[in-house]
Amino acid sequence: MEVVQVLCMKGGTGDSSYAENSLLHGAEKSNIVDKAHNRGSHNKSVLQLPASLHIADLGCSSGPNTLFVVSEVVTAVDKVCKKMGHRLPEIQVFLNDLPGNDFNSIFKSLPKFQKDLQKTMGAGVESCFVTGVPGTFYGRLFPSKSLQFIHSSYSLQWLSQVPEGLESNKGNIYIASSSRPCVLKAYYQQFQKDFSMFLRYRSQELVEGGSMVLTILGRRSDDPSSKECCYIWELLAVALNDMVAEGLIEEEKIDSFNIPNYQPSPTEVKYEVEKEGSFTINRLEVFEVNWNAYHDEFCPLDACKEGGYNVAKMMRAVTEALLVSHFGDGIIDEVFSRYKNIVVDRMSREKIELVNVSISITRRG
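Treat the numbers as computed from the prediction; the structure is a model and nothing was measured.

## Overview of the pattern of salt bridges
Pairs can form between side chains of opposite charge whenever their charged atoms are close.
Part 1 of the reasoning: Inspection of every chain in the model, using the stated rule, returns 13 salt bridges.
Part 2 of the reasoning: Measuring nitrogen to oxygen at the nearest pair gives 2.7 Å for the salt bridge that ties Glu 205 to Arg 202. Taken together, the residues Glu 205 and Arg 202, both in helix α7 (residues 181-205) and three residues apart, mark about one turn of the helix.
Part 3 of the reasoning: Across the salt bridge formed by Glu 268 and Arg 219, the nearest N and O atoms sit 2.9 Å from each other. Here Glu 268, found in helix α10 (residues 266-276), pairs with Arg 219, found in the loop between β5 (206-218) and α8 (227-245); they are 49 residues apart in sequence, far enough to count as distant.
Part 4 of the reasoning: Overall, Arg 219 belongs to the buried group, its relative accessible area being 0%.

Structure follows, in structure tokens:
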């Protein structure tokens, strides 16, 4: 599987598109970006107020969250400038994702974004420029020492490729409680290779004192097969295996399919940053997001049904392209219908959360 060619969130604005099913990410991005600004407002590269400020959002996807991040960053810079009595510098924002991303939806929403920004900021909004940058962030994207700030949320858990050596992971589509140690090792080694490469390239593109804020779907546990990071994939595997048992999917198809994803622990993230050596860690924290907006220990049936439906739609928006490339598009509606029912059942009996690992780092001199 060529991940660069296949991986993308579902485009457009339809019911199963990422644009319509990424609001959970939006709520968390608000919290994340706010923390980034609190750190960034004291950063040397911001306080010096260069004539032009260059910012990149890596793995921007499409939909309302993409330009939400841009708006939050630009508004924060504007507040710092006003507090210091300076004019707003020209701000160049680079939105990066893989070539299959729906950049057209982003560009079509720019006029409304600019109007909304005008209402918030007033004068100076004409100094904000937005550019799309297609390409993998596991390679170079920008000239040397050209960026002051980099943001990325819910992207770095995606690997550059499916790890090699997963032949024994039959019946699973990701790390699972039944996976052999060699499978866990293969996934971890691929994460190490990819994340260290990401850090190396970004260290070349950031100016001295430039900052990155990264949020990655991860886990608290040191065990990569723990439920907190694997459960959402295990339930999707249940739906696929049920269809295998009914003869709707060939067994060899699921045995040869694995998700190119790794959800690291904060210890693993910290280790790779320190090993690469170009960055100082300002903050490293972990927080949870409930699968459902209903936060009681056990949600009412109606709330669970709605929550299960939303989780299934979100997972479809995220994984449909991968599934279609391997299984074809004929199974997709049935897979996610079953997945929804499975998730509703589990959510009615237990509280399920996604774990986020967030790190703020600064480029050393």
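So that's the structure; there's more coming.
## Structural notes on the confidence of the model for the protein chain
Interpreting fine coordinate detail is not advised for predicted regions of low pLDDT.
Part 1 of the reasoning: With 81% of its residues at a pLDDT of at least 70, the protein chain reaches an overall mean of 84.
Part 2 of the reasoning: The least confident element of the protein chain, judged by mean pLDDT, is helix α3 (residues 44-47) at 46; the most confident is α10 at 98.
Part 3 of the reasoning: In this model residues 23-27 is a low-confidence stretch, pLDDT under 50, and it forms ten contacts with partners more than four residues away in sequence or in other chains.

## Notes on unusual backbone geometry
Part 1 of the reasoning: Positive phi is not limited to glycine here, since Lys 145 has a value of about 50°.
Part 2 of the reasoning: Counting through the fold element by element, Lys 145 comes out in the loop between β3 (128-134) and β4 (147-153).
Part 3 of the reasoning: Look at Lys 145 and you get exposed, because its relative accessible area is 63%.
Part 4 of the reasoning: Not every positive phi belongs to a glycine, and Tyr 154 is a case in point at roughly 60°.
Part 5 of the reasoning: Assignment of secondary structure puts Tyr 154 in the loop between β4 and α7.

## Some details on the nonpolar core
Part 1 of the reasoning: If you look at the biggest cluster of nonpolar residues, it comprises 77 residues, and the most contacted ones within it are Ile 173, Phe 195, Phe 198 and Tyr 339.
Part 2 of the reasoning: Here this core takes twelve residues from α8, the largest share from any one element.
Part 3 of the reasoning: Membership of the second largest hydrophobic core comes to 23 residues, among which are Val 73, Val 77, Ile 91 and Leu 117.

## A short note on the sheet that holds β4
Sheet strands line up and pair through hydrogen bonds in the backbone, either parallel or antiparallel.
Part 1 of the reasoning: With respect to topology, seven strands assemble into an open sheet ordered β3-β2-β1-β4-β5-β7-β6, the strand pairing being mixed. Single-partner strands in this sheet number two, and they are β3 and β6 (279-290). Averaged over all pairs of adjacent strands, the angle between their axes in this sheet comes to 15°, without regard to strand direction.
Part 2 of the reasoning: For β4 and β5, the ladder comprises six bridges, and the chain directions are parallel. Paired with Ile 150 across the bridge in β5 is Met 212.

## Topic: α10
Part 1 of the reasoning: All of the buried residues in α10 are Pro 266, Glu 268, Val 269, Glu 272 and Val 273. All buried residues of α10 project into a common sector of 165° when viewed along the axis, lining one side. Along α10, exposed side chains directed more than 90 degrees from the buried face belong to Thr 267 and Glu 274.
Part 2 of the reasoning: Residues of α10 that are buried make contact with α7, β5, β6 and β7 (353-363).

## Here's the deal with the packing of aromatic side chains
Part 1 of the reasoning: This model, assessed by the stated rule, comprises 13 aromatic pairs.
Part 2 of the reasoning: For the pair Tyr 174 and Trp 233, a centre-to-centre distance of 6.1 Å together with 50° between the ring planes defines the contact as tilted. Pair noted here: Tyr 174 is in the loop between β4 and α7 and Trp 233 is in helix α8, with a separation of 59 residues, a long-range link.
Part 3 of the reasoning: Since its relative accessible area comes to 2%, Tyr 174 is described here as buried.
Part 4 of the reasoning: For Arg 202, the ring lying beneath its charged end belongs to Phe 198, and the centroid distance is 5.0 Å.
Part 5 of the reasoning: The ring of Tyr 231 has Lys 227 lying over it, and the distance from NZ or CZ to the ring centre is 4.4 Å.

Rules of the game
- Residue positions are given per chain, counted from 1 along the sequence in the order it is written.
- The predicted origin of the model limits local features to residues at a pLDDT of at least 70 and limits the giving and counting of side-chain atom pairs to 80 or more, whereas totals for whole chains, interfaces and linings rest on all residues.
- Where side-chain values are given, they derive from all heavy atoms of the structure, hydrogens and water being excluded.
- Any Lys or Arg side-chain nitrogen located within 4 Å of an Asp or Glu carboxyl oxygen qualifies as a salt bridge.
- In this description a helix means any DSSP run of H or I spanning at least four residues, a strand means any run of E spanning at least two, and both kinds are numbered starting from the N terminus.
- The buried label goes to any residue with under 20% of its type's maximum accessible area, the exposed label to any with over 50%, and the partly exposed label to all in between, with areas taken from a 1.4 Å probe on protein chains only.
- Per-residue confidence from the predictor is reported as pLDDT, which spans 0 to 100.
- Any two residues whose heavy atoms approach within 4.5 Å are treated as being in contact.
- The definition of a nonpolar core used throughout is a set of buried Ala, Val, Leu, Ile, Met, Phe, Trp, Tyr and Cys residues joined through side-chain atoms within 4.5 Å.
- For two strands to be treated as a pair, DSSP must find at least two bridges joining them.
- Only C-alpha atoms enter the line fits that serve as axes; for helices the fit covers just the stretch in contact. Angles between N-to-C directions range over 0 to 180 degrees.
- Note that the arc is computed from the directions linking the helix axis to the C-beta atoms.
- When two rings of Phe, Tyr or Trp (its six-membered ring) have centres within 6.5 Å they constitute a pair, described as stacked for plane angles under 30 degrees, edge-to-face for angles over 60, and tilted for the intermediate range.
- Consider the ring centre and the ring normal. A charge sits over the ring if Lys NZ or Arg CZ is within 6 Å of that centre and within 35 degrees of that normal.

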